[in-house]
Amino acid sequence: MESVRELLEQAAEKFGDKTYLFYHDEQVSFREMDARANRVANAFLAEGIKKGDRVAIMMLNRPEYLYLWYGLNKIGAGMVPINSEFTAYETEYLINHSEAKMLAIDAGHYQILKDIRPNCPGLGKALLLDMNQAGENEELFPDFWSKQPAALKKVDIKVNDESAILYTSGTTGRPKGCIVDQFYYLHIGQIYVNLHLITAEDRILTPLPLFHMNAQSLTAMGGLISGAGVVFIDRFHPSTWWEDIRKYQVTFFHYLGVIPAMLYSMPETAQDALPKKVYGIGAGVPRDIHAAFEKRFNVELLELYGSTEGGGGGAYMTGRKLKDRKVGTAAFGQPVPGVEGKIVDDDDREVPHGEIGELVTRATDPANPRKGYMLGYLKDPEATEKVWRTGWFHTGDFCRQDESGYCYFIDRKKDIIRRSGENISASEVESVVRLHPGIADVAAIPVPDNKRIEEVKIYVVKKPGAEVTPEEIIRWCEDHLAYFKIPRYVEFRDSLPKTSTEKIKKNELKTERPDLIEGAWDRTKNMKLKRELEKEKKKQSA
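A few points on the structure. Here the structure is a predicted model, which means the values were calculated and not measured.

**Topic: the packing of aromatic side chains**
Taken as a whole and judged by the stated rule, the model has 25 aromatic pairs. Seen in terms of ring centroids, phenylalanine 44 and phenylalanine 144 are 5.2 Å apart; in terms of plane orientation they differ by 65°. Their pairing is edge-to-face. Separated by 100 residues along the polypeptide, phenylalanine 44 in helix H2 (residues 30-47) and phenylalanine 144 in helix H6 (residues 141-145) bring together distant segments of the chain. For the pair phenylalanine 44 and phenylalanine 144, a shared accessibility class is recorded, and that class is buried. Plain terms: the ring middles of tryptophan 69 and tyrosine 185 are 5.1 Å apart, the flat faces sit at 55° to each other, and that makes the pair tilted. A residue pair is termed long-range when its members are at least 10 positions apart, and tryptophan 69 in helix H3 (residues 63-74) and tyrosine 185 in helix H7 (residues 182-196) qualify at 116 residues. Of the aromatic side chains, those joined through ring pairs into one cluster are Phe236, Trp241, Trp242, Phe253, Tyr255, Phe293 and Phe297. Lying across the ring of tyrosine 377, lysine 176 places its NZ or CZ 5.9 Å from the centre. The positively charged end of arginine 400 is found above the aromatic ring belonging to tyrosine 408, 4.0 Å away from the centroid.

**Describing the side chain of threonine 219**
With respect to the helices and strands, threonine 219 occurs in helix H8 (residues 213-226). For threonine 219, a relative accessible area of 0% gives the class buried. Not counting residues within four places of it along the chain, the set of residues in contact with threonine 219 comprises Ile204, Thr206, Asn214, Val230, Phe232 and His254.

**Examining the packing of H3 against H8**
A pair of packed helices is characterised by two quantities: the angle between their axes and the separation of those axes. In the contact formed by H3 and H8, the axes pass within 13 Å of each other and the chain directions differ by 80°. As summarised for this structure, H3 and H8 are arranged roughly perpendicular, according to the angle between their axes. Where H3 abuts H8, its residues Leu66, Trp69 and Tyr70 lie against Gln216, Ala220, Met221 and Leu224. For the contact of H3 with H8, the class distribution of residues is 6 nonpolar, 1 polar and no charged.

**Looking at empty space enclosed by the protein**
The gaps left among the atoms become clear once a water-sized probe is rolled over them. Under the definition given, this model contains 3 cavities of 30 Å³ or more. One number sums up the size of the largest cavity: a volume of about 80 Å³. Lining the largest cavity are Met59, Leu60, Asn61, Tyr65, Ser84, Pro207, Pro209, Leu210, Phe211, Asp234, Arg235 and Ser500. Here the lining of the largest cavity is composed, by residue class, of 7 nonpolar, 3 polar and 2 charged.

**Notes on unusual backbone geometry**
Its identity is not glycine, yet histidine 24 carries a phi of approximately 55°, on the positive side. Here histidine 24 shows up in the loop between strand S1 (19-23) and strand S2 (26-29). A positive phi angle, near 70°, is found at alanine 330, a position not held by glycine. Counting through the fold element by element, alanine 330 comes out in the loop between strand S15 (316-317) and strand S16 (334-335).

**Describing the pattern of salt bridges**
Under the definition given, this model contains 49 salt bridges. We note a salt bridge from glutamate 430 to lysine 506, for which the minimum N-O separation is 2.5 Å. One end of the pair, glutamate 430, is in helix H13 (residues 426-434); the other, lysine 506, is in helix H15 (residues 506-511), and 76 residues separate them in sequence. Here glutamate 430 and lysine 506 have matching classes, each one buried. Put simply, Arg419, Asp449, Arg452, Glu455, Arg488 and Asp522 are held in one network by salt bridges that share partners.

**Things to note about the pairing of strand S25 (residues 453-462)**
Consecutive side chains of a regular strand alternate in pointing toward one face of the sheet and then the other. With 7 of 10 residues buried, S25 lies mostly within the body of the structure. Pairing geometry for strand S24 (residues 439-449) and S25, over 10 bridges, is antiparallel. Looking at the pairing, alanine 444 lines up with isoleucine 458 of S25. The hairpin turn running from S24 into S25, its antiparallel successor, is 3 residues long. Relative to strand S26 (residues 489-492), S25 runs parallel, the two being bridged by 4 bridges. Opposite tyrosine 459, over in S26, you have glutamate 491 as the bridge partner. At this point the chain moves from S25, through helix H14 (residues 470-478), to the parallel S26, and the crossover so formed is right-handed.

**Focus: the sheet that holds strand S27 (residues 521-522)**
Whether parallel or antiparallel, the strands of a sheet pair through hydrogen bonds between backbone atoms. The strand order across the open sheet built from 4 strands is S24-S25-S26-S27, with neighbouring strands paired in mixed fashion. Unpaired on one side and paired on the other, S24 and S27 mark the two borders of the sheet. This element, H13, spans S24 and S25 of the sheet and lies at about 145° to S24. Taken strand by strand, H14 contacts S24, S25, S26 and S27, and its axis lies near 130° from that of S26.

**Remarks on the packing of H7 against H8**
Following both chains from N to C, one finds H7 and H8 inclined at 70°, their axes separated by 8 Å at the closest point. Put simply, H7 runs roughly perpendicular to H8. When the axes of H7 and H8 are compared, the crossing they make is right-handed. Here Tyr184, Tyr185, Leu186, Ile188, Gly189, Gln190, Tyr192 and Val193 of H7 come into contact with H8, specifically with Met213, Gln216, Ser217, Leu218, Met221, Gly222, Ile225 and Ser226. For the contact of H7 with H8, a count of residues per class yields 10 nonpolar, 6 polar and no charged.

**Description of the sheet that holds strand S20 (residues 393-401)**
The 4 strands are arranged S17-S18-S20-S21 in an open sheet whose pairing can be described as antiparallel. Sheet topology places strand S17 (339-344) and strand S21 (407-412) at the edges, where each strand pairs with a single neighbour. On average, each strand axis in the sheet is tilted by 50° relative to the strand beside it, whichever way the strands run. Here S17 pairs with strand S18 (residues 357-363) via 6 bridges, running antiparallel. Its bridge partner lying in S18, isoleucine 343 is registered against leucine 359.

How each quantity is defined
- Residues numbered from 1 in each chain as written.
- Predicted model: local features only at pLDDT ≥ 70, side-chain atom pairs only at ≥ 80, totals over all residues.
- Heavy atoms only, no water.
- Phe/Tyr/Trp six-rings, centres within 6.5 Å; stacked < 30°, edge-to-face > 60°.
- Helix = DSSP H or I, 4+ residues; strand = E, 2+ residues; numbered from the N terminus.
- Buried < 20%, exposed > 50% of the residue type's maximum accessible area, 1.4 Å probe, protein only.
- Lys NZ or Arg CZ within 6 Å of the ring centre and 35° of its normal.
- Contact = heavy atoms within 4.5 Å.
- Axes fitted to C-alpha atoms, helices over the stretch in contact; angles between N-to-C directions.
- Parallel < 35°, antiparallel > 145°, perpendicular 65-115°, else oblique.
- Nonpolar A, V, L, I, M, F, W, Y, C, P; charged D, E, K, R; others polar.
- 1 Å grid on protein atoms, 1.4 Å probe; cavity = no way out; pocket = protein on both sides within 12 Å on 5 of 7 lines; lining within 4 Å.
- Points joined across faces, edges and corners; volume = space filled by probe spheres on them.
- Salt bridge = Lys/Arg side-chain N within 4 Å of Asp/Glu carboxyl O.
- Pairing = 2+ DSSP bridges.
- Right-handed = clockwise from strand over helix to strand, strands pointing away.
- Left-handed = near helix turned anticlockwise from the far one by under 90°.

Structure, rendered in structure tokens:
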């Protein structure tokens, strides 16, 4: 198989009128998805879009997103998904950097189109969704494609032809555009289906956005490959989550770590346990609630690991084939078939099993160690070679590996707090604080310290009506964390800045003001830890 086009056409022939897409009360069969993609493809051809061109997409999850993506790939054109939370400033950069010739956008983002248009000279026609009228160089999306024929001419598309430019949300500098080819999607989609034993009888729900590789390469591709139905919702809604699981008869769902944490924090009910076991696929479930979450909701959470750059070339998955899932340990399985990895220090020397270092990966194919990965960063060969230094892809993540090959996530390399020579995982601190019954959310960041290099600061969001003091939080941490991990600074907030995938924007917290200590509650000035009190007591009795 050479392309996403070929995959969709084979799925339409094999699964026919079986429902592929569920979205609210709308259902689209495999055959109809293929026909609509063809109509959209013909519309792009009529507009002058050809193989090698790019079209940007900026909208929330909806069926039209797939029509656009598949329609573009049908003619060898690439999509440029834009984060629906981006500002005009960020969107303008992506449009110009990717050289997108058109933009499809929904009504909720129309003002961004108006703001960026004067500064995007290469941008042609804009396609508008959920709007009643179009202006100059604009067209309503239904008018654009609905009258086009469902028959589509052949286009020569090879397996290594570009399929999309996927921008990564780095913490510093501008986003980098990952060039991904047809094989990228076909490869990881097949691995996902094989390791999770997904069949045409399954239904996969995702709350993750379609501008993200996860929803694209796992959910959407997994459905086409296996014949499973896919359920897309616009975003994660805690109050209706389990209702949707039951309504759509879901057998698999996707999550980020914050999703199990939020669901687990909701009041227990007699209906929590699902009547039939459901599998969750994701990353970052808090260790302390992993087992309890599974028991309460009759769910198995299957952790995995991957990146936009890595695709299936650098993926780890627990899947349903590993007998020991190592629940509650932050283990994310073993390298998928065709992938190898190791843990290295800052000098790229492999460290012994059990020691923490950076995870580096590559394909086992000696002729092509980058098989399944992105082709490279768009217009940035230096960054591409830097991430591939020594012939291994450098993930930027601190992990450890045991003797059986299982890997355990520690933290982002940039999200480690270095205090007095100790490496502190920000996510570990957060998972402990978040377990406090009065706390809804938390973010831990490093702040500079002359004595200890860095100290731990936490931003805390209390649950409505909860009365939680900084002293109470510190005592809670004392019972759950080593003393050197206990936060020094506490700052209460009404909310935390987040991306559309519910990830906390830590770089925003780190750069919001020059002095991050000013105004924060300081533990060393307001209380003493138990170990400090014991030392004083021993000194007095000596």
